Amino acid sequence: SAARVGPFTTRDESGAVADEELLIGFFPAEITAMFTEQWRRRAKDELGFDRALAVGYAQDHEGYFLIPEDWLLGGYEPNINLWGPLQGEHVMEGVLGLASAVLGTDVIEPAFPLGLYAPTAYQQRALPEQSPDETPLAGARLTELPDVFWLPFGLERDVEAGLEGGLELEVPASVSRVSGVVQLAWEGGDPAVDFPVVVLERQEGSEWSPVVTPGGRVVDTSLADIVVVWNPDPLYPVDAEQDHRWWAAWQAVPSTGDRLALEVGTYRLRVTGQRFTGGVTTYPWPSEPYEVVGEPFEVVPAALQVAEVDGGLSVWVTAPPNGWRLIDVEGASIGDNPVRTDVEVVASGADGAELLRVSATPTPASGRSTVAVALPAEAVTVTVTDAHGNSGTLSR
């Protein structure tokens, strides 16, 4: 469907102001940037509208609306467009045709020409108010969780199976890049007043500062780096007096760039939240802040896995069984990942004497990397170190 509204007083990119009409196209799908660009361009070229707005998710959902080239390229879920590469373009041309035939005239169509829809009459009533729970223990650390506590990433399964990397609420003294995960659990506030913010901080001298991305964003719960879970107890009914327990986890992976290159150093997680102070039964709910500061921990280089193969070595880094971060586009968040930077290979004999030291460029394939190197027959240990200081040793 489409609508023509206006004229509106419109300010353009240059700052000039003019009265212009707006053409709105409503599309029953997720619309991509290129599809929207094409809609605006065609609305201007074919219908003369300088201003055209595209609204997706309108009236139905037919997958993604792509331009044909994007559909044919493949990639992320193009096959949910069941009608093929021209599906989005076909609908767009229908909307353009509708706009030309109906909206391109001076006739104002009645909103409900058949009179089937009467204005909605809303009952006037006071909305119910449920006071938040008072949580005097907010800010207290949890070292053990109750029997019923939902966690993501299969952590409960890992705990039951006794797998390394399961639920570890004590902050470790050190964590390795990629494979390390730091977790915190605490008593918090009712989410009617509390939405805890967990920030990753790094120690610089005697001061702690938030870690920021190259774009200047603070690494906290607004990014995918830190995951937060809220668990009320009891879960139901909502009007019961509930305890509100929170859990957060961070994996030792940088927000952007080479996932094996997180800066080593001393870090910690710091939580700030709000707890309801009581005394009122209607909104707004008074609250006071609480804080949870996790113990410092050292981020250390990752342990590379090294195996001997025909023609050289296979080198890779293993993501943890409860990991969730992308490590490599050809790897796995809970499996093997290739090493892409140049590596140094050092082979030593039984007496510790160095027999070989060479630099090589790994070739990634199937989640691992192959390093072409001829190892001395008498070598008993082979150490591989990448450009970021991550290292692993093979014993022959």
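Conventions adopted
- Residues numbered from 1 in each chain as written.
- Predicted model: local features only at pLDDT ≥ 70, side-chain atom pairs only at ≥ 80, totals over all residues.
- Heavy atoms only, no water.
- Helix = DSSP H or I, 4+ residues; strand = E, 2+ residues; numbered from the N terminus.
- Buried < 20%, exposed > 50% of the residue type's maximum accessible area, 1.4 Å probe, protein only.
- Contact = heavy atoms within 4.5 Å.
- Expected span 1.5 Å × (residues − 1).
- Phe/Tyr/Trp six-rings, centres within 6.5 Å; stacked < 30°, edge-to-face > 60°.
- Lys NZ or Arg CZ within 6 Å of the ring centre and 35° of its normal.
- Salt bridge = Lys/Arg side-chain N within 4 Å of Asp/Glu carboxyl O.
- pLDDT = per-residue confidence, 0-100.
- Arc of directions from axis to C-beta.
- Pairing = 2+ DSSP bridges.
- Axes fitted to C-alpha atoms, helices over the stretch in contact; angles between N-to-C directions.

Draft legend 1. Summary view of the environment of Ala138. Inspection of the secondary structure puts Ala138 in the loop between helix H3 (87–103) and helix H4 (155–161). Ala138 gets classed as buried once you look at its relative accessible area, which sits at 15%. The spatial distance from the C-alpha of Ala138 to the C-alpha of Ala350 is 58 Å, given a sequence separation of 212 residues. Contact partners of Ala138, with chain neighbours within four places excluded, come to Glu187, Gly188, Gly189, Arg275 and Tyr290.

Draft legend 2. Examining H3 more closely. The terminal C-alpha atoms of H3, which comprises 17 residues, lie 23 Å apart, in line with the 24 Å expected from a rise of 1.5 Å per residue. Buried residues belonging to H3 abut strand E1 (2–11), strand E2 (17–26), helix H1 (33–47) and strand E5 (64–65).

Draft legend 3. How the structure looks around the packing of aromatic side chains. Summed over the entire model, instances satisfying the criterion amount to nine aromatic pairs. Judged by centre distance (5.8 Å) and plane angle (40°), the rings of Trp250 and Phe297 are tilted. Note that Trp250 is positioned in strand E11 (residues 243–251) and Phe297 in strand E14 (residues 297–300), a separation of 47 residues in sequence. Seen from their ring centres, Tyr283 and Trp285 are 6.3 Å apart, and the 85° between their planes marks the pair as edge-to-face. Among the aromatic residues, ring-to-ring pairing joins Phe27, Phe35, Trp39 and Phe65 into one connected group. The ring of Trp316 carries Arg368 above its face, with NZ or CZ at 3.5 Å from the centroid.

Draft legend 4. Just the pattern of salt bridges, in detail. One pass over the structure, following the stated rule, counts 23 salt bridges. Residue Arg42 is joined to Glu46 by a salt bridge in which the shortest nitrogen-to-oxygen separation is 2.7 Å. Residue Arg42 and its partner Glu46 are located together in helix H1, separated by four residues, close to a single helical turn. We classify Arg42 as buried; its relative accessible area is 14%. Of the charged contacts, one joins Glu295 and Arg141 as a salt bridge, the two residues approaching to 3.2 Å between their closest N and O atoms. On the criterion of sequence distance, the pair formed by Glu295 in the loop between strand E13 (287–293) and E14 and Arg141 in the loop between H3 and H4 is long-range, its members being 154 residues apart. Here Glu295 falls in the partly exposed class, since its relative accessible area comes to 38%.

Draft legend 5. Region of interest: the confidence of the model for the protein chain. A residue-level look at the protein chain finds 96% of positions with pLDDT of 70 or above and a mean pLDDT of 90. Across residues 161–165 the pLDDT falls below 50, and counting only partners more than four positions away or on other chains, this stretch makes five contacts in the model.

Draft legend 6. Highlighting H1. Here H1 is 15 residues long and its end C-alpha atoms lie 21 Å apart, about the 21 Å a rise of 1.5 Å per residue gives. All of the buried residues along H1 are Phe35, Thr36, Gln38, Trp39, Arg42 and Ala43. Down the axis of H1, the smallest arc covering the buried residues is 160°, so these residues share one side. Opposite its buried face, H1 presents the exposed residues Ala33 and Asp45, each directed more than 90 degrees away. The inward-facing, buried residues of H1 abut E2, strand E3 (30–31), strand E4 (51–55), E5 and H3. Among the residues trailing H1, Gly48 stands out with phi positive, at a value near 85°.

Draft legend 7. Summary view of the sheet that holds E2. An order of E1-E2-E4 is seen for the three strands of this open sheet, with the pairing classed as mixed. The sheet is open, and its two edges are formed by E1 and E4, each paired on a single side. The average angle at which neighbouring strand axes cross in this sheet is 30°, direction not considered. Here H1 sits on the sheet and contacts E2 and E4; the angle it forms with E4, its principal contact strand, is near 140°. Across the sheet, H3 lies against E1 and E2, angled at about 80° from E1, the strand it touches most.

Draft legend 8. Examining unusual backbone geometry more closely. Residue Pro7 is reached from Gly6 by a cis peptide bond, and omega for that bond is 5°. Within the secondary structure layout, Pro7 lies in strand E1. In this structure, the amide linkage connecting Tyr236 to the following residue, Pro237, adopts the cis form with an omega of 0°. One can find Pro237 in the loop between strand E10 (226–233) and E11. A positive phi angle, close to 70°, is found at Val178, a residue other than glycine. With respect to the element layout, Val178 can be found in the loop between strand E6 (174–176) and strand E7 (181–187). The phi dihedral of Ser366 falls on the positive side, at around 55°, and the residue is not glycine. Mapping Ser366 onto the fold places it in the loop between strand E20 (363–365) and strand E21 (368–372).

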